[in-house]
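Examination of the molecular architecture
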Amino acid sequence: MGVSTSSPEKGIVVVTVDFPPVNALPVRGWFDLADAVRAAGRDPGTRCVVLTAGGRGFNAGVDIKEMQREARETGGHHALVGANRGCFEAFAAVYECEVPVVAAVHGFCLGGGIGLVGNADAIVASEDATFGLPELDRGALGAATHLARLVPGHLMRALYYTARTATAAELHAHGSVWKVVRREELRDAALELAREIAAKDGELIRLAKAALNGIDPVDVRRSYRFEQGFTFEANLSGVADRVRGTFGRQAAEAATGTAETPRHGAHGAPGEHERYGTPEDHGRHGEHGEQEACQ
């Protein structure tokens, strides 16, 4: 369990995150991930980093239970502050890695997972991968900066406000996912892309990464930090706790079928074939078994 690093081929470093049961990372986990990615990028022999995960899904955000335990026991906010700082460092480490980062995504990619893949240089995903920000359902805010790097602006807002998810195929259609493959082919597909990148001149690929970051229209560090200020406001005002307090009840209703979710399509037209999934469609309230959200 934790963050591990391997080098299956010359020039390629694989950073793997594994925090059972659903890869909802504790505070320490985010900092460990940041350290591993930064260390891989600093190694002059590295030409590409592959970011992957073990278990049922790529990432389910931060471990909210860690914050809830502290709130019950001490009433403090150290875990909240730590989670915010940890996410900030991990997202920045991926973006600022001195070589390209390829994210290999399977299963659910939620909350903090969006921060990671949104800052990656390329994404390879399995057919079962789903992407979304359930923040508003968890009493949190954040990572819209990174979702905006995956889908067009108006779609980003609709997904954010509704807490719906998009599939790997849908993101591929928008151009943000490089390739969609079967689950068992994911690692090989990610390594194939990494191998092609690593075949370039090592010094030149680092210059290319720096150049591309330099022409980005949005400063992702400053943008995400701005979002985090509203997360703190939501927590300090009590809004976050109020919303989180309804989470368990909503999950139970969804599991028993006592609550109905409007069946509307991506553009809100009733009766149309639905492209973007509801929480129940993708199991965000039942499958994951924990209360997660990236702050």
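This section reports on the structure supplied with the text. (Residues numbered from 1 in each chain as written. Predicted model: local features only at pLDDT ≥ 70, side-chain atom pairs only at ≥ 80, totals over all residues. Heavy atoms only, no water.)

Observations regarding unusual backbone geometry
Applied cut-off: Note on conventions: DSSP H or I runs of at least 4 residues are helices, E runs of at least 2 residues are strands, and numbering of each starts at the N terminus. Think of it in three bands: residues with accessible area under 20% of the maximum for their type are buried, residues over 50% are exposed, and the middle band is partly exposed, with areas taken using a 1.4 Å probe on protein chains only.
Following Pro 20, the chain continues into Pro 21 via a peptide bond in cis, with omega recorded as 5 degrees. The phi dihedral of Ala 163 falls on the positive side, at around 65 degrees, and the residue is not glycine. Mapped onto the fold, Ala 163 is located in the loop between helix H6 (153-162) and strand E8 (165-167). By relative accessible area, which is 0% here, Ala 163 ends up buried.

Notes on the side chain of Asn 84
Convention followed: Here a polar contact is taken to be a pair of N or O atoms separated by no more than 3.5 Å, where protein atoms must pair a possible hydrogen donor with a possible acceptor and residues adjacent in sequence count only if both atoms sit in side chains.
As for its position among the elements, Asn 84 is in helix H3 (residues 78-96). The buried category is assigned to Asn 84, whose relative accessible area is 0%. A polar contact of 2.9 Å, which involves the side chain of Asn 84, links it to the backbone oxygen of Leu 80.

Some remarks on the packing of aromatic side chains
What describes a pair of aromatic rings is the distance from one ring centre to the other and the angle between the planes of the rings. What counts, and what does not: What counts as a ring pair is set by centres within 6.5 Å for rings of Phe, Tyr and Trp (its six-membered ring), and what kind of pair is set by the plane angle: stacked under 30 degrees, edge-to-face over 60, tilted for all other angles. We call a charge positioned above a ring when the Lys NZ or Arg CZ atom is no farther than 6 Å from the ring centre and deviates by at most 35 degrees from the ring normal.
Within the structure shown, the criterion is met by four aromatic pairs. When the centroid spacing of 6.0 Å and the interplanar angle of 90 degrees are considered together, the rings of Trp 30 and Phe 91 count as edge-to-face. In this pair, Trp 30 sits in helix H1 (residues 27-42) while Phe 91 sits in helix H3, placing the two residues 61 residues apart along the sequence. You'll find Trp 30 and Phe 91 in the same group, each marked buried. Between Phe 226 and Phe 230, the aromatic rings sit 5.3 Å apart at their centres with planes inclined by 70 degrees, giving edge-to-face as the arrangement. With Phe 226 and Phe 230 both in helix H10 (residues 220-237) and four residues apart, the pair spans about one turn of that helix. For Phe 226, a relative accessible area of 58% corresponds to the exposed category. In this structure an aromatic cluster arises from ring pairing among Trp 30, Phe 88, Phe 91 and Tyr 224. Here the basic side chain of Arg 225 rests over the ring of Phe 88, its NZ or CZ set 5.6 Å away from the ring centre.

Remarks on the layout of surface pockets
To be explicit about the condition: Computed over the protein atoms alone on a 1 Å grid, cavities are sets of points where a 1.4 Å probe fits but cannot get out and pockets are open sets with protein on both sides within 12 Å along at least five of seven lines; a residue lines them when it has an atom within 4 Å of a point. Grid points are joined across faces, edges and corners, and a volume is the space filled by probe spheres set on the points.
For the largest pocket, the calculated volume is near 450 Å³. Around the largest pocket sit 22 residues that line it, and Ala 120, Asp 121, Ala 122, Arg 149 and Leu 212 are the ones nearest its centre. Of all the secondary-structure elements, those providing two or more residues to the lining of the largest pocket are helix H4 (112-119), strand E6 (122-126) and helix H9 (202-214). Looking at the lining of the largest pocket, the element that brings in the most residues is H9, giving five residues.

Quick look at the pattern of salt bridges
Applicable threshold: Any Lys or Arg side-chain nitrogen located within 4 Å of an Asp or Glu carboxyl oxygen qualifies as a salt bridge.
Applying the stated rule across the entire model yields twelve salt bridges. Here Asp 32 makes a salt bridge to Arg 28, at a shortest N to O gap of 3.1 Å. You can see Asp 32 and its partner Arg 28 sitting in helix H1, four residues apart, about one turn around the helix. Given the relative accessible area of 30%, Asp 32 is considered partly exposed.

In short, shape yes, function no, at least from these values alone.
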